Amino acid sequence: MALHELHDLFRFVLVRTSHSGNIGSAARAIRTMGFDRLTLVAPHRFPDPEATALAAGADDVLGQAAIHDDLVAGLAGTTFALGLSARRRGVNLPELDPREGAAQALAAARRGEHVALVFGNERTGLENDELSRCHAMVRIPSVDDFSSLNLSQAVQVVAYELRMAMLAEEGCAPVADIDPDEAPADAEQVERFFAHLAETLDDIEFHKGRSPTTIMLKLRKLFLRARPELRELRILHGILADAQRMAELAHKGNP
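Calculation notes
Every chain is numbered on its own, with residues counted from 1 as its sequence reads. Where local features are concerned, this predicted model is filtered to residues with pLDDT of at least 70; where side-chain atom pairs are given and counted, the filter is 80 or more; whole-chain, interface and lining totals use all residues. Water and hydrogen atoms play no part in the side-chain values, which are based on all heavy atoms of the structure. Stacked, edge-to-face and tilted labels apply to pairs of Phe, Tyr and Trp rings (six-membered ring for Trp) whose centres lie within 6.5 Å, assigned for plane angles under 30 degrees, over 60, and everything in between, in that order. The way it works is that DSSP assigns letters per residue, a run of H or I at least four long becomes a helix, a run of E at least two long becomes a strand, and they are numbered from the N terminus. Throughout, exposure labels follow a simple rule: accessible area from a 1.4 Å probe, protein chains only, divided by the maximum for the residue type, with under 20% read as buried, over 50% as exposed, and the rest as partly exposed. As a reminder, the over-ring test applies to NZ of lysine and CZ of arginine, requiring each to be within 6 Å of the ring centre and within 35 degrees of the ring normal. In short, DSSP must find at least two bridges between two strands for them to pair. A helix is expected to reach a length of 1.5 Å times the quantity of its residues less one. Contacts were defined at the residue level, with two residues in contact if any of their heavy atoms lie within 4.5 Å. Working convention: axes come from line fits to C-alpha atoms, limited for helices to the stretch in contact. Angles between N-to-C directions cover 0 to 180 degrees.

Undergrad: Is there a simple way to explain the packing of aromatic side chains in this structure?
TA: Given two aromatic rings, their pairing is described by the distance between the two centres and the angle made by the two planes. Across all of its chains, the model carries six aromatic pairs by this definition. Summarising the aromatic geometry, the rings of phenylalanine 10 and phenylalanine 35 are spaced 5.8 Å apart at their centres and angled 80 degrees between planes, so their arrangement reads as edge-to-face. Of this pair, phenylalanine 10 sits in strand β1 (residues 10-15) while phenylalanine 35 sits in the loop between α2 (20-32) and β2 (38-41), placing them 25 residues apart in sequence. Both residues of the pair, phenylalanine 10 and phenylalanine 35, belong to the buried class. A ring pair is formed by phenylalanine 193 and phenylalanine 194, whose centres lie 5.7 Å apart and whose planes are at 45 degrees; its orientation type is tilted. Members of the aromatic cluster, connected to one another through ring pairs, are Phe10, Phe12, Phe35 and Phe119. The positively charged end of arginine 210 is found above the aromatic ring belonging to phenylalanine 206, 4.5 Å away from the centroid.

Undergrad: Explanation requested: the pairing of strand β6 (residues 115-119) in the structure shown.
TA: It is a general feature of regular strands that their side chains alternate between the two faces of the sheet. With respect to burial, β6 is a largely interior element, five of its five residues being buried. What you see with β6 is no split at all: Val115, Leu117 and Phe119 on one side and Ala116 and Val118 on the other are buried throughout. Where β1 lies against β6, five bridges are found, and the strand directions are parallel. By the bridge assignment, arginine 11 is partnered in β6 with alanine 116. Strand direction decides the pairing type here: strand β4 (residues 80-84) and β6, joined by four bridges, are parallel. Opposite phenylalanine 80, over in β6, you have valine 115 as the bridge partner.

Undergrad: Mind showing me how you'd approach helix α8 (residues 151-168) here?
TA: Note that an α-helix has 3.6 residues per turn; residues three or four places apart therefore point the same way. For α8, with 18 residues, the first-to-last C-alpha span of 26 Å sits near the 26 Å given by 1.5 Å per residue. Residues of α8 that are buried include every one of Leu151, Ser152, Ala154, Val155, Val158, Ala159, Glu161, Leu162, Ala165 and Met166, and no others.

Undergrad: So what exactly am I meant to see when it comes to the sheet that holds strand β5 (residues 95-96) here?
TA: One key point about sheets: their strands pair by backbone hydrogen bonds, in either a parallel or an antiparallel sense. Within the open sheet, the seven strands sit side by side as β3-β2-β1-β6-β4-β7-β5. Their pairing is parallel. In this open sheet, the two edge strands, each paired with only one partner strand, are β3 (66-68) and β5. Strand contacts of α8: β1, β4 and β6, with the helix running at about 170 degrees to β1, the strand carrying the most contacts.

Function cannot be inferred from these measures alone, as they are strictly geometric.
Next up, the structure:
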């Protein structure tokens, strides 16, 4: 697969960005590494002259940036997501350094998958519920006593590592086409499954005093690790629908 084809499979996602200048600087950072797909989730202010100024000519990246209200919509169409975090969180995810993350992201792209690199708000980073939508977490190994990078600097580090990994593998054999049903389900399809799963657990009165949030986080980790195919999700939806039907019958029989 040619480099320009691989570039199209990567999406840099900025979540709840506070300073529009950081959007422009991030656009510049990815453009210098050959990427041009920028997605903005609930930005505080965009479009904005400061973003244009700090993009330093990467106007094409800003001009075609996708804007969404929430991360679920921002990840639609992707099948592999890496969340960037400056510190360890309560979400139990595999933790990678940028080079390892780039290698895994590139491997996914070479399988024909669409990949998201997800960056959080400048002050708070990614929230736990946002990280829980990712398959792994990437931490830049900065020093402990001054660990905070500017958002665009973090974007630059990841974009650089990804480009270096791509250049190292340039000329690799193309990947065979994958049957759409055999490809990993995309983020939107997986979120619909999680919503159906949560609804079913309520319908069958599964929790019985246990924390629904904790249970769902553990199940998210399980299914994101398994990376189910679309046809596998259809089977799981069928199982859940049958469980809901049986629960409804049981409730009718025991009013």
